[in-house]
Amino acid sequence: MEIIIVANEEEVGRVAADKVIEHLSGLATPVIGLATGSSPLGLYAELARRQDEGDIDFSHALGFALDEYVGIDPAHPESYRNVINRTVVEPLRMAPERVRVPDGAAEDLEAAVEEYDAAIEAVGGVDVQVLGIGSNGHIGFNEPFSSFSSRTRVEVLTPQTREDNARFFDSLDQVPTHCVTQGLGTIMDSHCAVMVVTGEHKADAVAAMVEGPVAAVMPASILQFHPNCIVVIDEAAASKLQHADLFR
Ligand code: F6R
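So, a few notes on the structure that sits alongside this text. (Residues numbered from 1 in each chain as written. Predicted model: local features only at pLDDT ≥ 70, side-chain atom pairs only at ≥ 80, totals over all residues. Heavy atoms only, no water.)

Turning our attention to the sheet that holds strand E7 (residues 153-156). Spatial strand order, E4-E8-E7: 3 strands in an open sheet with antiparallel pairing. In the strand order of this sheet, the two ends are held by strand E4 (67-70) and E7, each with one partner. Adjacent strand axes in the sheet meet at a mean angle of 30 degrees, parallel and antiparallel pairs treated alike. Sheet topology note: the E7/strand E8 (residues 178-181) ladder contains 4 bridges and is antiparallel. Counterpart to valine 156 in the pairing with E8 is histidine 178. Running over the sheet, helix H4 (residues 109-122) touches E4, E7 and E8 and is turned about 115 degrees from E7. (Pairing = 2+ DSSP bridges. Helix = DSSP H or I, 4+ residues; strand = E, 2+ residues; numbered from the N terminus. Axes fitted to C-alpha atoms, helices over the stretch in contact; angles between N-to-C directions. Contact = heavy atoms within 4.5 Å.)

See the structure below:
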């Protein structure tokens, strides 16, 4: 893991964008893995700005979102299909048909989740996977005790994750209870992973992921085994690291 500690949220977006561009530029068909949520918004905005400056071109890129709710109306503004359209596809001017989001409304969910991993493999894998981390250490929606070798599948959201995401809905009971998520094994297959984390509320999860043991209770800790994982965090998110000086 490469840990990069920067001053603030704006810097996180800028430095993470540098890393994404470094790993995608020169590829004829860059494949980017996409997280939703608040953490990567600065990164996506910075990538849009850098595309306008000619540093990168997403017109031939392919995208695969990490996850989607099950049991949400696909037309709901907070379905991840719509979130990805709003925060990634439109600002980066990607071709909508080249950006996939797991189909949480598929009639045959089992077939749909299997096909998702196969579709990623068919294009040669994800070149850069953008990640955030949940306050409970989840990546994608791989909640604590997910198998380290899991593939894309249907999962149950923990009460903690539903509470964390209630801010996107009118009330807690509107937050779906289930999701489709890429597995930890799927995420570990990415060629490069760029995680962005900001804020003190993530400091415990960051410390456990980086400095704790690799353990199922902290799903993100599996990234210690990722061959090319870069974690870009602000000072607040780094505040519980015992060895922050080693990373500076
Ligand atoms: C969402 C996802 C999640 C989020 C995590 C952090 O696609 O993969 O793992 O990255 O829940 O969410 P925020 O950034 O909203 O704090």
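Okay, the pairing of strand E10 (residues 229-234) next. Among the 6 residues of E10, 6 are classified as buried, and the element is accordingly described as predominantly covered. Residues Cys229, Val231 and Ile233 of E10 are buried on one face, and the alternating residues Ile230, Val232 and Asp234, pointing to the opposite face, are buried as well. Pairing of strand E1 (residues 2-6) with E10, which is carried by 5 bridges, proceeds in the parallel orientation. Residue pairing for E10: valine 6 is matched across the bridge by aspartate 234. Note: strand E9 (residues 192-197) against E10, 5 bridges, orientation parallel. Bridge assignment links methionine 195 to a residue of E10, and that residue is valine 231. Traced from E9 through helix H7 (residues 203-211) to E10, the parallel crossover comes out right-handed. (Buried < 20%, exposed > 50% of the residue type's maximum accessible area, 1.4 Å probe, protein only. Right-handed = clockwise from strand over helix to strand, strands pointing away.)

Negative phi is the rule for most residues except glycine; trans is the rule for most peptide bonds. For arginine 93, which is not a glycine, the phi torsion comes out positive at approximately 50 degrees. We note that phenylalanine 145 has phi near 80 degrees; this positive angle belongs to a residue other than glycine. Within the secondary structure, phenylalanine 145 is located in the loop between strand E6 (128-131) and E7. Judged by relative accessible area, which is 61%, phenylalanine 145 ranks as exposed.

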